[in-house]
Amino acid sequence: MNTETIKTKTETVQNTNRISGSEAIIKCLLAEGVDILYGYPGGAIMPVYDELYKYQDKIHHVLTRHEQGATHAAQGYARISGKVGVAMATSGPGATNLITGIADAQIDSTPMVCITGQVPSHLLGSDAFQETDIVGISTPVTKWNHQITKASEIPEVIAKAFYIAKSGRPGPVLVDITKDAQFEEFDFNYKKCTGVRSYKPVPETNLESIKAAADLINKAKKPMVVWGQGVILSEAETELKEVIEKAGIPSAWTILGASAIPTSHPLNIGMVGMHGNYAPNILTNECDVLIAIGMRFDDRVTGSLNTYAKQAKVIHFEIDPAEVDKNVKTDVAVLGDAKACLKKLLPLLNANSHPEWLERFKDLYKIEFDKVIKNDIHPTKEGLTMGEVLNEINKQSKGDAAIVSDVGQHQMIACRYAQFNQTKSNITSGGLGTMGFALPAAIGAKMAAPNRDVVAIIGDGGYQMTIQELGTIFQQKVPVKIVVLNNEFLGMVRQWQQLFFDKRYASTEMTNPDFVAIAKGYFIDAKKVTKREELASSVEEMMSSDGPYFLEVCVEKEGNVFPMIPSGASVSDIRLE
């Protein structure tokens, strides 16, 4: 919703005297409860940093080593805390370096406010030093953006930015502020935004649609739930659990929905999608009612739409009307906040169980266990597998750690095998698939949840995209645990090359540096594991460390992730080998 002329409802929270635009920005952030800010200074944002210097006791600024790192750290902070993450950068390349993280936040519905400096307003459009049209560039990947040229605009625009970022389906907002607006003085008056004309973040729920959904669920013989991150964003974990337990419905999750319900729950049947579990993928095309909750039917979940759940009545609980019928035709669409809708659904459901249907999932799980899982987590071959590393982390963390994964084979392995006891424990780049996400995102996650163990699971390829953030970890003393699963390949691309391109490994083999030496260069404790007998003690040493710790585990070079649905194939065509 990129528009510049939006009227807002407001709530006054404070008044002050005449101040500069720069100080106003800091006071706005404080009014919104911001206590951590990730960023990188430069000429066009320097007035704000000068004011920030005076407020160090109230806002902790984290100097990342790259602006992309600032956005991913803000994402990690937002994903584990539920708050709005904040990132700040200068104009030109500083602003454009934010774009990847902004795009990632947009597709994964992460609330984030990015503030960028801009050249003075009289130079706009003149190709001045470090000028870019960041509003134009960011328009396709933001929920809203705005350029400020007058200091008096600052309070209303920033209030609106936080409201839009967090309300409804969350997303990133960018506010670009010219340098003269940062210097200009005005009479500051901050009002929190409580509504925006023409923007309705939560659609009105039709009670008839909830009754229709309940009727279909009550009559179903083979119902199946697929939930996504919408459950976590609406804090509907308890309501989801009550619904599936009352109706006895086997329930699967997308990768961003992972951890909403504990992995050990008897109705948790695993992950759907390209590298998801065998049973929920196969039985998607056998269920008679498919209940989608807070998920968007991404292509990696559905495979071929021509064959996806054609036999089923489809119920879609969704906050964003644009997602309904976009990919999969629904029989009943329930618009609204997931938590509120599930609360209304629960009393309309009959107490039920589907033991024979649930047994089908268990039978297919046994097939997957014998052909895939057993070999992943208890291998008999010589080389270490990614699965056994995750299995060892599960043992040491007892399922209480937050796992932040990068993108690739290790990501799929982490999502498949990590054990989760509590919500907001699986933080990864889902829709955009951003390599380099995990290391800075783990920084933000750990700073937001200092009492939780945060373990970053990263491949040797993605790690080197943001490896400089080791400097942030060292300077900020963030006790995050970093595990690099090193197979000396861009593993996911190599797997596709093996399966679909006759093993032509074009530009996927990695010649890597001494990762342990690099970590130690940043004064981070580090260790390398090459043998199975070293794994358990090394993971224990990492998990018991008080500070940051880097663990490199050399895994088999040509290991593959199965099950796998080939691109464009039906979920029924899932391969076990």
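Fair warning: this is a prediction, and the values are worked out from it, not measured in the lab.

Attention now goes to the overall build of the protein chain. Broken down by element type, the protein chain carries 23 helices and 20 strands. A compact globule built from 577 residues should have a C-alpha radius of gyration of about 25 Å, and the protein chain, at 24 Å, falls within 12% of that. Principal-axis analysis of the C-alpha atoms places the extent of the protein chain at approximately 70 × 60 × 40 Å. Expressed as a percentage of contacts within the protein chain between residues at least 6 apart in sequence, the contacts between residues at least 24 apart total 78%. Entry remark: accessible area of the protein chain is about 22,300 Å², with carbon and sulfur atoms responsible for 50%. Of the charged side chains in the protein chain, 58 are positive and 68 negative; the average position of the first set lies 4 Å away from that of the second.

What follows covers the pairing of strand E6 (residues 144–148). With respect to burial, E6 is a largely interior element, four of its five residues being buried. In this fold, the crossover linking E6 to strand E7 (residues 172–178) by way of helix H7 (residues 154–166) has right-handed handedness.

As a further point, take the pairing of strand E5 (residues 112–118). For a regular strand, the rule is simple: side chains alternate between the two faces of the sheet. Counting buried residues along E5, seven of its seven residues qualify, which places the element largely inside the surrounding structure. In E5, alternate side chains face the same way, and those of Met112, Cys114, Thr116 and Gln118 on one face and Val113, Ile115 and Gly117 on the other are all buried. One ladder, built from five bridges, connects strand E4 (residues 85–89) with E5; its direction is parallel. Bridge pairing links Gly85 to Met112 in E5. Bridge count between E5 and E7: seven bridges; the pairing is parallel.

Let's shift gears to the packing of aromatic side chains. Inspection of the entire model under this criterion finds twelve aromatic pairs. Ring geometry for Phe297 and Tyr308: centres 6.0 Å apart, planes at 75 degrees, overall edge-to-face. On the criterion of sequence distance, the pair formed by Phe297 in the loop between strand E12 (289–293) and helix H13 (299–302) and Tyr308 in the loop between H13 and strand E13 (313–318) is long-range, its members being eleven residues apart. Residue Phe297 is classed as buried on the basis of its relative accessible area of 1%. Looking at Tyr308, the relative accessible area reads 4%, which means it is buried. Each residue in the set Phe186, Phe188 and Tyr190 is aromatic and connected to the rest through ring pairs, giving one cluster. Stacked on the ring of Phe489, the Lys or Arg Arg494 has its end atom at 5.8 Å from the ring centre.

Here the focus is the side chain of His410. Looking at where His410 falls in the secondary structure, it is placed in helix H17 (residues 409–417). Within the local environment of His410, its side chain forms a polar contact with the backbone nitrogen of Gly459, the two atoms lying 3.4 Å apart. Excluding its chain neighbours within four sequence positions, the residues that come into contact with His410 are Met386, Ile457, Ile458, Gly459 and Leu485.

What follows covers the pattern of salt bridges. Taken as a whole and assessed by the stated rule, the structure comprises 19 salt bridges. Between Lys329 and Asp325 there is a salt bridge, with its nearest N and O atoms 3.7 Å apart. Taking relative accessible area as the criterion, Asp325 reaches 36% and is therefore assigned partly exposed. Here Glu388 ties to Arg532 by a salt bridge, and the two come within 2.9 Å at their closest N and O atoms. One end of the pair, Glu388, is in helix H16 (residues 386–397); the other, Arg532, is in helix H23 (residues 532–544), with 144 residues separating them in the sequence. For Glu388, a relative accessible area of 8% translates into the label buried.

Across the sheet, six strands lie side by side as E16-E15-E17-E18-E20-E19; this open sheet has parallel pairing. At either end of the open sheet lies a strand with only one pairing partner, and these are strand E16 (426–428) and strand E19 (525–529). The sheet shows a mean angle of 20 degrees between the axes of neighbouring strands, taken without regard to direction. Contacts from H16 reach strand E15 (402–405), strand E17 (454–459), strand E18 (481–486) and strand E20 (549–554) within the one sheet, and its direction differs from that of E18 by about 160 degrees.

This part is about the confidence of the model for the protein chain. For the protein chain, mean pLDDT is 96; residues scoring 70 or higher make up 97% of the total. Low pLDDT (under 50) marks residues 2–6, which in the prediction has 17 contacts with non-local residues, meaning those over four places away or in another chain.

It is worth spelling out the packing of helix H3 (residues 67–81) against helix H18 (residues 438–448) at this point. Packing of H3 against H18 leaves a shortest axis separation of 6 Å and a crossing angle of 40 degrees. Taken together, the axes of H3 and H18 lie oblique to each other. Taken as a pair, H3 and H18 cross one another with a handedness that is right-handed. The segment H3 lies against H18, with Gly69, His72, Ala73, Gly76, Tyr77, Ile80 and Ser81 engaging Pro440, Ala441, Gly444, Ala445 and Ala448. Partitioning the contact of H3 with H18 into residue classes produces seven nonpolar, five polar and no charged.

Okay, the environment of Gly270 next. Within the element layout of this structure, Gly270 appears in strand E11 (residues 268–271). Taking relative accessible area as the criterion, Gly270 reaches 9% and is therefore assigned buried. On a C-alpha basis, the gap between Gly270 and Thr254 in space is 8.8 Å, while along the polypeptide they are 16 residues apart. In this structure, Gly270 is in contact with Ser251, Ala252, Trp253, Asn277 and Pro280, ignoring residues within four places of it in sequence.

What counts as what
- Residues numbered from 1 in each chain as written.
- Predicted model: local features only at pLDDT ≥ 70, side-chain atom pairs only at ≥ 80, totals over all residues.
- Heavy atoms only, no water.
- Helix = DSSP H or I, 4+ residues; strand = E, 2+ residues; numbered from the N terminus.
- Rg over C-alpha atoms; globule rule 2.2 N^0.38 Å.
- Contact = heavy atoms within 4.5 Å.
- Areas by Shrake-Rupley, 256 points an atom, 1.4 Å probe, with all protein chains shown as cover.
- Lys, Arg positive; Asp, Glu negative; His and termini not counted.
- Charge placed at Lys NZ, Arg CZ, Asp CG, Glu CD.
- Buried < 20%, exposed > 50% of the residue type's maximum accessible area, 1.4 Å probe, protein only.
- Right-handed = clockwise from strand over helix to strand, strands pointing away.
- Pairing = 2+ DSSP bridges.
- Phe/Tyr/Trp six-rings, centres within 6.5 Å; stacked < 30°, edge-to-face > 60°.
- Lys NZ or Arg CZ within 6 Å of the ring centre and 35° of its normal.
- Polar contact = N/O pair within 3.5 Å; in protein donor to acceptor, adjacent residues only side chain to side chain.
- Salt bridge = Lys/Arg side-chain N within 4 Å of Asp/Glu carboxyl O.
- Axes fitted to C-alpha atoms, helices over the stretch in contact; angles between N-to-C directions.
- pLDDT = per-residue confidence, 0-100.
- Parallel < 35°, antiparallel > 145°, perpendicular 65-115°, else oblique.
- Left-handed = near helix turned anticlockwise from the far one by under 90°.
- Nonpolar A, V, L, I, M, F, W, Y, C, P; charged D, E, K, R; others polar.

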